[in-house]
Amino acid sequence: MVSQSTNPGFYESEVALARAAGDGDPRANRHLAERLLNRIRATVHYLAAGDRDADDLVQMALVAILRSARTFRGECSLERWGDRIAVRTALRELKRRRWRERIVALDGDVAREGQISADHDIQRRLLRDRLAHLLGRLSADRRAAVTLHWMHGYSVQEIADITSAPVNTVRDRLRTGKKLLKSHLEKDPALRDWARSFIHESHG
Amino acid sequence: MGRSDEECRRYERLEMDQAGGGVPTEQERAFLAEHLARCETCRTAASASALMRHTDDAGPARPLDELSRRRFVNFVVTQAAADGPMEEEPSLTAADPSGLPRWQWMSAAAVLLALGVGLVLVLRWSGADRDRSARSRPRAHLVMRSGEVLVEGARAPSDLAVGKTLWVRRGRAAVALPDDAYVLLGERSAARVVRVSPGETTVHLEQGWLLASVQPRRNRRRFVVTTRAGRVEVIGTVFTVRVTAEEVTVEVLRGQVRLVEPGHAQRLVQRGHAAQLGGVDRKVRPLAAGARRAALARMASLALLGDGQGAQLDVRSEPAGAEVALDGVVLGRTPLSARLRAGHLRLQVSLAGRTPVREQLTLRAGDRIHRDYDLGQGAVSVRPLSPSRAGAGVAAVAPTRPLDPAVEVFPPVVIHRPARRLNGATKARINAPSTVTARDLLLRAQKRRAARDWRGAAASYRLLLAKFPTSSAARAARVALGMLSLDHLGDPAGALRIFDAYLRATRRGVLAQEAAYGYIRALRRLGRRKAEKRALRTFLKYYPAAIQAPLVKRRLEDLAAPAKKRP
């Protein structure tokens, strides 16, 4: 099934955008990277479990996405296709543990750092950071399954396709992730109360 | 095996079926919603996992500013162009680009490891000087925390890694930096130490206020505070920087600072003056008397703090939120954890309406002193949690309760409300000399609940509410007692009163949603349909996205249905 094109920008469709990026059009490449950057950063940071070098992995994932842009056939959205490549690249690199050399420093000119954040933005990020550290107790494969399901709502079958694992294994990984979260929340009432109060405040 | 466990397992099974693409029946959907409304564990886990849901931001990663974002994308595009296109998607088992067999890599790794170990041994053998230089490496320490303080990526309570955000939700926190520089961070403030190098210390203030105290330049190290509007460069001074949504203000108490803003000439702000950064008003004005007094009080509290080598003092109290003062200088509120300079200090812990506690402390470098004061109604008891030399003012000694270093979030500062009228028996129990804490009573109630001793659990909750009415545990106990009265004691009228009391005190409390839903259930049990209708509408107004919202809507429709049928 060909996906409905969602905001491909200057290009006719997502396929045209990916094709142009695959042909080396710098504008298309930049557009594609800009579009997927936040999503891939969030996903990879969970996969890397709050590791300080996670942004190196993000770079690798995005480079892999741009390099394989030609293979996008519009069978799903660009985001889902990007997730698949990013998760595979990050998992492979995490397993190799050879990604520790830094490629480029991310710290910009601190005097020009971004806009002021609202209270709940900072709080939400810090809570997510704690969750990411918590996921660090799981193996990389389990972390990938949990991240794809909780973060992006992928089904068990889809996660099995992305991570090349049997369906029952994915189910087991999700179950383990939930168990870990539950047991940790039992032991850490402060995190539990804070997370819940934060959710209430956001809704309120 | 309890019914609840079976329900939880059924809930998980259905949830997993849904994850597998299964569509639940109407009955199953109703069960899922009802179970979530009833089971706190499943609901909390669902809430926490919902925090991860992607909302088009960078998730746990720090958002990039425009310049960094552009650099990042440019690098990625350049790298992809240099590597050339791939004809197929990367797989999980891509071949190693070097093409070497695995065993060769393993052998090379083993040789490198052996060389590494040898190198480490040689360095350690010859390295007393190196150890000293490593110890003197500039670092940032969290030396005081009071109230709700969260540190990004913290693995230990005093750990503040460079680049990580320190967020003070309530209370205060203080950071010790190299060269005897200290930064005090106020309520609703977020900052991070961006750089600690031999040449410069830089702190970035995202929001809120900070007070910095910097000694005259040592080792020619610069001290810089950056904000979104510009930077404040310091030579030797005490100053406050305040970042709000509207403006960035700098107030200088001692010495002088240089303001550097993009596109403007630099300005010097002398002691006793204030100026705005990045605003239209570019005048340097004299500091207002009130601002000066507030900054002086904060500065005095910074003067008490020591660096990483000082003595550790942890103060807790029951109820929490008591003011902690050392030598007459207010440091913060309990629970408080601070690293202090060695010496003799007069500690005072006070709370409105309670007898204050005073104690003379003698601190030596490396000491770790815990104090847990029971400021219960009237009598005061002091319970040292670990042996210490300080003894004056100790009224009673209770068993040790260890502090949990992993818990880095402290309960909120409590708001005091008048205690309810008590009967003679309860008064006698409350006034009896005892070292029982709110937490003990809460645990006792939980144990009794687990043993299905509903009346015993209710008695423990009531005692907790009477003994520690303003503690954070009392709020949880109130809602728990309401649920107990409703579900197990057959007392919906009592439950209604309890939930009502909770909701009158706070509409935005952590358990307000549960209390509001319990209130609705109590009204239903009492058959008060009109009041229930009103409560259902109020619930939807306050918590439209609540887990119970579908049930509430359905109930509202049911209540409206007979009215529609009437001619």
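All values reported here derive from a predicted model rather than from experimental measurement.

(A) Main features of the overall build of chain B. On a plain count of helices and strands, chain B comes out with 15 helices and 21 strands. Burial statistics for chain B: of 567 residues in total, 48% are counted as buried. Within chain B, contacts between residues at least 6 apart in sequence are counted, and of these 48% link residues at least 24 apart. Accessible surface computed for chain B: about 28600 Å², of which carbon and sulfur atoms make up 53%.

(B) Spatial organisation of the nonpolar core. In this structure, A:Leu32, A:Ile40, A:Leu62, A:Ile65, A:Trp81 and A:Leu181 are the most contacted members of the largest nonpolar core, which totals 73 residues. Among all residues touching A:Leu181, those that are not within four sequence positions of it are A:Leu131, A:Leu134, A:Trp150, B:Ala45, B:Ala48 and B:Ser49. Judged by nonpolar contacts, the second largest core, of 38 residues, contains B:Ala176, B:Leu253, B:Leu340 and B:Leu375.

(C) Structural detail: the packing of helix 4 (residues 78–96) of chain A against helix 7 (residues 156–163) of chain A. Residue and element names in this part refer to chain A. Taken N-terminus to C-terminus, the directions of helix 4 and helix 7 make an angle of 50°; their axes are 9 Å apart at the nearest point. Taken together, helix 4 and helix 7 sit at an angle that is classed as oblique. Regarding helix 4 and helix 7, the two cross each other, and that crossing is right-handed. Packed against helix 4, whose contacting residues are Arg80, Arg84, Val87, Arg88 and Leu91, the element helix 7 presents Glu158, Asp161, Ile162 and Thr163 at the interface. Here the residues of the contact of helix 4 with helix 7 sort into 3 nonpolar, 1 polar and 5 charged.

(D) Local environment of the sheet that holds strand 18 (residues 343–350) of chain B. Residue and element names in this part refer to chain B. If you trace the 4 strands from one edge of the open sheet to the other, you get 16-15-18-19, paired in antiparallel fashion. A single partner strand is all that each edge strand has here, and the edge strands are strand 16 (329–333) and strand 19 (357–363). Strand-to-strand twist across the sheet, computed as the mean angle between neighbouring axes with direction ignored, equals 25°. When strand 15 (residues 323–326) meets strand 18, the two strands line up antiparallel, connected through 4 bridges. If you follow Ala325 over to strand 18, its bridge partner there is Gln348.

(E) Inspection of the environment of B:Val552 at higher detail. Summarising the element assignment, B:Val552 is placed in helix 15 (residues 549–565). When sequence neighbours within four positions are dropped, the list of residues in contact with B:Val552 reads B:Tyr517, B:Leu536, B:Phe539 and B:Leu540.

(F) Here's a closer look at the pattern of salt bridges. Applying the stated rule across the entire model yields 22 salt bridges over all chains. A salt bridge links A:Lys178 to B:Glu15; the nearest nitrogen and oxygen atoms lie 3.1 Å apart. Separated into two different chains, A:Lys178 in helix 8 (residues 167–187) and B:Glu15 in helix 1 (residues 3–19) make up a pair that spans both. Since its relative accessible area comes to 9%, A:Lys178 is described here as buried. When its relative accessible area of 23% is taken as the criterion, B:Glu15 is described as partly exposed. Salt-bridge contacts for A:Lys182 lead to B:Glu12; the nearest nitrogen and oxygen are separated by 2.8 Å.

(G) View of unusual backbone geometry. In this chain, B:Glu318 is followed by B:Pro319 through a cis amide linkage whose omega measures 0°. The residue B:Pro319 is located in the loop between strand 14 (311–318) and strand 15 in this model. B:Pro335 follows B:Thr334 through a cis peptide bond whose omega is 0°. Within the element layout of this structure, B:Pro335 appears in the loop between strand 16 and strand 17 (336–340). Look at A:Ser164: it is not a glycine, yet its phi comes out positive at around 50°. Take A:Ser164: it is sitting in the loop between helix 7 and helix 8. You will see that B:Arg188, though not glycine, has its phi angle at about 50°, which is positive. We classify B:Arg188 as partly exposed; its relative accessible area is 48%.

(H) Up close: helix 13 (residues 512–526) of chain B. Taking 1.5 Å of rise per residue, 15 residues should cover 21 Å, and helix 13 of chain B covers 21 Å from first to last C-alpha, within 8% of that figure. Turning to helix 13 of chain B, its buried residues number three or more, namely B:Ala512, B:Gln513, B:Glu514, B:Ala515, B:Ala516, B:Tyr517, B:Gly518, B:Ile520, B:Ala522 and B:Leu523.

(I) Representation of a nonpolar patch on the surface within the structure. Taken together, the side chains of B:Val111, B:Leu112 and B:Leu115 make up a nonpolar region of the molecular surface, amounting to roughly 320 Å² of accessible area. Within the secondary structure, B:Leu112 is located in helix 5 (residues 102–125).

(J) A look at the confidence of the model for chain B. Residue and element names in this part refer to chain B. Here chain B shows a mean pLDDT of 74. Residues at 70 or above account for 77%. At the low end of the mean pLDDT range in chain B sits strand 21 (residues 381–384), at 42; at the high end sits helix 14 (residues 529–542), at 88. Taken over the whole predicted complex, pTM reads 0.47, whereas the ipTM for its chain interfaces reads 0.80.

(K) Region of the structure containing the packing of helix 1 (residues 14–22) of chain A against helix 2 (residues 26–47) of chain A. Residues and elements named next belong to chain A. Across the interface, helix 1 lies against helix 2 with an axial gap of 8 Å and an inter-helix angle of 120°. Accordingly, the angle class assigned to the pair helix 1 and helix 2 is oblique. Helix 1 and helix 2 meet at a crossing whose hand is left-handed. Within the contact between the two elements, helix 1 uses Glu14, Leu17, Ala20 and Ala21 and helix 2 uses Ala28, Asn29, His31, Leu32 and Arg35. Of the residues that constitute the contact of helix 1 with helix 2, the class distribution is 5 nonpolar, 2 polar and 2 charged.

(L) Up close: the pairing of strand 8 (residues 237–243) of chain B. All names here are of chain B. Counting buried positions along strand 8 gives 6 out of 7 residues, so the element sits mostly inside the fold. The pairing of strand 5 (residues 200–214) with strand 8 spans 7 bridges and is classified as antiparallel. From the neighbouring strand, Ser213 faces strand 8, where its bridge partner is Val238. Where strand 8 meets strand 9 (residues 248–254), 6 bridges bridge the pair, whose relative direction is antiparallel. Opposite Val243, over in strand 9, you have Val248 as the bridge partner.

(M) Layout of the packing of aromatic side chains. Summed over all chains, the structure comprises 4 aromatic pairs over all chains. Taken together through their ring pairs, the aromatic side chains of B:Tyr517, B:Phe539, B:Tyr542 and B:Tyr543 make up a single cluster. One residue, A:Arg80, lies across the ring of A:Tyr154, its end atom 4.1 Å from the ring centre. Sitting over the face of the ring of B:Trp209, B:Arg298 holds its NZ or CZ atom 3.8 Å from the ring centroid.

(N) Summary view of helix 12 (residues 492–505) of chain B. Residue and element names in this part refer to chain B. Helix length check: helix 12 (14 residues) gives 20 Å between terminal C-alpha atoms against 20 Å at 1.5 Å per residue, within 8%. For helix 12, the full list of buried residues reads Pro492, Gly494, Ala495, Leu496, Ile498, Phe499, Tyr502 and Leu503. Each element contacted by the buried residues of helix 12 is listed here: helix 11 (472–487) and helix 13.

Analysis parameters
Residues numbered from 1 in each chain as written. Chains lettered and ligands numbered in written order. Predicted model: local features only at pLDDT ≥ 70, side-chain atom pairs only at ≥ 80, totals over all residues. Heavy atoms only, no water. Helix = DSSP H or I, 4+ residues; strand = E, 2+ residues; numbered from the N terminus. Buried < 20%, exposed > 50% of the residue type's maximum accessible area, 1.4 Å probe, protein only. Contact = heavy atoms within 4.5 Å. Areas by Shrake-Rupley, 256 points an atom, 1.4 Å probe, with all protein chains shown as cover. Core = buried A, V, L, I, M, F, W, Y, C linked by side-chain atoms within 4.5 Å. Axes fitted to C-alpha atoms, helices over the stretch in contact; angles between N-to-C directions. Parallel < 35°, antiparallel > 145°, perpendicular 65-115°, else oblique. Left-handed = near helix turned anticlockwise from the far one by under 90°. Nonpolar A, V, L, I, M, F, W, Y, C, P; charged D, E, K, R; others polar. Pairing = 2+ DSSP bridges. Salt bridge = Lys/Arg side-chain N within 4 Å of Asp/Glu carboxyl O. Expected span 1.5 Å × (residues − 1). Patch = residues over 30% accessible without salt bridge, like charges linked within 9 Å, V, L, I, M, F, W, Y side chains within 5 Å. pLDDT = per-residue confidence, 0-100. Phe/Tyr/Trp six-rings, centres within 6.5 Å; stacked < 30°, edge-to-face > 60°. Lys NZ or Arg CZ within 6 Å of the ring centre and 35° of its normal.

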